[in-house]
Amino acid sequence: MTAQILDGNALAKRIRQRLQGVVAEWKNQGFRPPGLAVILVGDDPASAVYVKGKRRDCEEVGVYSKALHLDAAIDQAELEAHIDDLNADPNIDGILVQSPLSPHHDEDRIIDRILPNKDVDGFHAYNIGCLALRRPTLRSCTPMGVMQMLDHIGTQYKGSHATIIGASNHVGRPMSLELLLAGVTVTTAHKFTTNTEEMARQADILISAVGKPGLVPGDWIKEGATVIDVGITRGDNNNLFGDVEFEAAKERAAWITPVPGGVGPMTRVALLQNTMQAAASHLGISWKAL
Ligand code: GUN
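Please read these numbers as outputs of a predicted model, since none were measured by experiment.

1. Observations concerning the sheet that holds strand E1 (residues 4-5)
Sheets are built from strands that pair by backbone hydrogen bonding, the pairs being arranged parallel or antiparallel.
Next, step 1: Strand order in the open sheet made by the six strands is E1-E11-E8-E7-E5-E6, with parallel pairing throughout. If you trace the sheet from one side to the other, it starts and ends with E1 and strand E6 (185-189), each paired once.
Next, step 2: Alignment of strand E5 (residues 161-165) against E6, held across five bridges, turns out to be parallel. When the bridges of E6 are listed, Ala162 appears paired with Val186.
Next, step 3: Here helix H7 (residues 172-181) sits on the sheet in contact with E5, E6 and strand E7 (205-208), set at roughly 170° to E5.

2. Looking at the packing of helix H1 (residues 8-28) against helix H2 (residues 45-61)
Two quantities define a packed helix pair, namely the angle between the axes and the distance from one axis to the other.
Next, step 1: The contact between H1 and H2 brings their axes to 8 Å, and the two run at 55°. Of the possible angle classes, the one that applies to H1 and H2 is oblique. Contacts from Arg16, Leu19, Gln20 and Val23 of H1 reach H2 at Asp57, Glu60 and Val61.
Next, step 2: Taken together, the residues of the contact of H1 with H2 sort by class into three nonpolar, one polar and three charged.

3. Quick word on the packing of aromatic side chains
Next, step 1: Per the counting criterion, the structure on display carries one aromatic pair.
Next, step 2: A centroid spacing of 5.7 Å and a plane angle of 90° characterise the contact between Trp26 and Trp287, whose relative ring orientation is edge-to-face. One end of the pair, Trp26, is in helix H1; the other, Trp287, is in the segment after helix H10 (263-283), and 261 residues separate them in sequence.
Next, step 3: By relative accessible area, Trp26 is classed as buried at 5%.

4. What about H2?
Next, step 1: The terminal C-alpha atoms of H2, which comprises 17 residues, lie 25 Å apart, in line with the 24 Å expected from a rise of 1.5 Å per residue.
Next, step 2: Within the sequence span of H2, burial applies to Ser47, Val51, Gly53, Lys54, Asp57, Cys58 and Val61. End-on, the buried residues of H2 take up no more than an arc of 155°, which puts them together on one face. Looking at H2, the residues exposed on the side facing more than 90 degrees away from the buried face are Pro45, Val49, Lys52 and Glu59.
Next, step 3: Elements that come into contact with the buried residues of H2 comprise H1, strand E2 (35-41), strand E3 (64-70), strand E4 (94-97) and H10.

5. Quick look at the site of the ligand
Next, step 1: What surrounds the ligand is the set Leu96, Val97, Gln98, Ser99, Asp121 and Phe123.
Next, step 2: For the ligand, a nitrogen atom lies 2.8 Å from a polar atom in the backbone of Val97.
Next, step 3: Contacts to the ligand include Gln98, whose side-chain N or O atom sits 3.0 Å from a nitrogen atom.
Next, step 4: Relative to its free-state accessible area of 280 Å², the ligand is covered by the protein chains to the extent of 77%.

6. Examining the packing of H1 against helix H6 (residues 141-152)
Next, step 1: Direction vectors running N to C along H1 and H6 enclose 95°, while the axes themselves pass 11 Å from each other. Between H1 and H6, the interaxial angle falls into the category roughly perpendicular. On H6, the residues that touch Gly8, Leu11, Arg14 and Ile15 of H1 are Gln148, Met149 and His152.
Next, step 2: Here the contact of H1 with H6 is composed, by residue class, of three nonpolar, three polar and one charged.

7. Let's talk about the sheet that holds E2
Next, step 1: Taken together, the three strands give an open sheet; going across it, the order is E3-E2-E4, and neighbouring strands pair in parallel fashion. Whereas interior strands pair on both sides, the edge strands pair on one side only; in this sheet they are E3 and E4. Adjacent strand axes in the sheet meet at a mean angle of 15°, parallel and antiparallel pairs treated alike.
Next, step 2: The pairing of E2 with E3 spans seven bridges and is classified as parallel. Residue pairing in the sheet places Val38 in a bridge with Ala67 of E3.
Next, step 3: In this fold helix H3 (residues 76-88) packs onto E2, E3 and E4, with an angle of close to 175° to the strand it touches most, E2.

About the cut-offs
Each residue is numbered by its place in its chain's sequence as written, counting from 1. It should be noted that, the model being predicted, local features are given only for residues of pLDDT at least 70 and side-chain atom pairs only at 80 or more, the latter also being counted only at that level, while totals for whole chains, interfaces and linings use all residues. To obtain the side-chain values, all non-hydrogen atoms of the structure were used and water was disregarded. Following DSSP output, two strands are said to pair if at least two bridges run between them. To qualify as a helix, a DSSP run of H or I must reach at least 4 residues; to qualify as a strand, a run of E must reach at least 2; elements of each kind are numbered from the N terminus. Whether two residues are in contact is decided by their heavy atoms: any pair within 4.5 Å suffices. Under this scheme, a helix contributes an axis fitted over its contacting stretch, all axes are lines through C-alpha atoms, and angles between N-to-C directions fall in the 0 to 180 degree range. Orientation is classified from the angle alone, with under 35 degrees giving roughly parallel, over 145 giving roughly antiparallel, 65 to 115 giving roughly perpendicular, and any other angle giving oblique. Residues are grouped as follows: Ala, Val, Leu, Ile, Met, Phe, Trp, Tyr, Cys and Pro are nonpolar; Asp, Glu, Lys and Arg are charged; all remaining types, including Gly, are polar. Here the aromatic set is Phe, Tyr and Trp, taking the six-membered ring for Trp, and pairing holds for ring centres within 6.5 Å; pairs whose planes are under 30 degrees apart are stacked, those over 60 apart are edge-to-face, and all others are tilted. The buried label applies to any residue whose accessible area, calculated with a 1.4 Å probe on protein chains only, is under 20% of its type's maximum; exposed applies above 50%, and partly exposed to all values in between. Expected span of a helix, by definition, is 1.5 Å for each gap between consecutive residues, and there is one gap fewer than residues. The arc in question is the one traced by the directions running from the helix axis out to the C-beta atoms. Neighbouring residues are identified by heavy atoms, a residue being near a molecule or strand if any of them is within 4 Å of it. We call two N or O atoms a polar contact when they sit within 3.5 Å, provided that within protein one can donate a hydrogen and the other can accept it, with sequence-adjacent residues counted only if both atoms are side-chain atoms. Note on areas: Shrake-Rupley, 1.4 Å probe, and residue coverage restricted to the protein chains presented here.

Here is the structure:
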């Protein structure tokens, strides 16, 4: 079997076009545009690239964006004061604090400081808790983007088995909650798991979110599986690598995401969807991203 490529760029573009139409319609009805604030702390080059991409996405769709570029040395209290200002800003529906922060920052406290109804990253304990209780609110962007890819290819979730490699707060854990919500039997493998290969070989849906090129050899893929590669590692000359041995895995999977051009654009479009969902709720418009 040779896999079909799950093209995140193409799918994200189609969703952005749909969102652009929705924002235009809201503006026609006299509503202000949805607003996203992005806080970038320090000068991490990869973060600067991500933030620029987010601003471009907002412009394309008609979402107002505000960027705060803060010095890496800013102290915790000052950073929290910026979040308080944005929490109180009536033109801002979503707040994203780009990670990584500086080592002296307490990232959990920063996320806790954002109002849950402006937490468009979907990282706040309240929003993750709601997802765990099958009452999704603002959902974590990467898992939300992955679910839309799986929906797009007509995945039959119920009774299928997913293995997720990686148990991070931002991807692995909320990914397992999304799949549970969809009726999937979920295994999460992590750094203490001793039989990751065995777990991977059983997976109808295999998701790797570790950031280690070559972690998943092609022969671990079950014939006909869907393979979602969330890992992104930047090489010496700035090219990107996923976790999965793509060429070999492609010969066994039914569907596979490339890196780059797979999950990344879907994470970005989920951020726009969350910003619009937050705006709809703040403006009293009946609209749901998913
Ligand atoms: N750093 C890398 N990806 C992300 C993301 O999706 N959200 C935030 N807040 N920081 C990131």
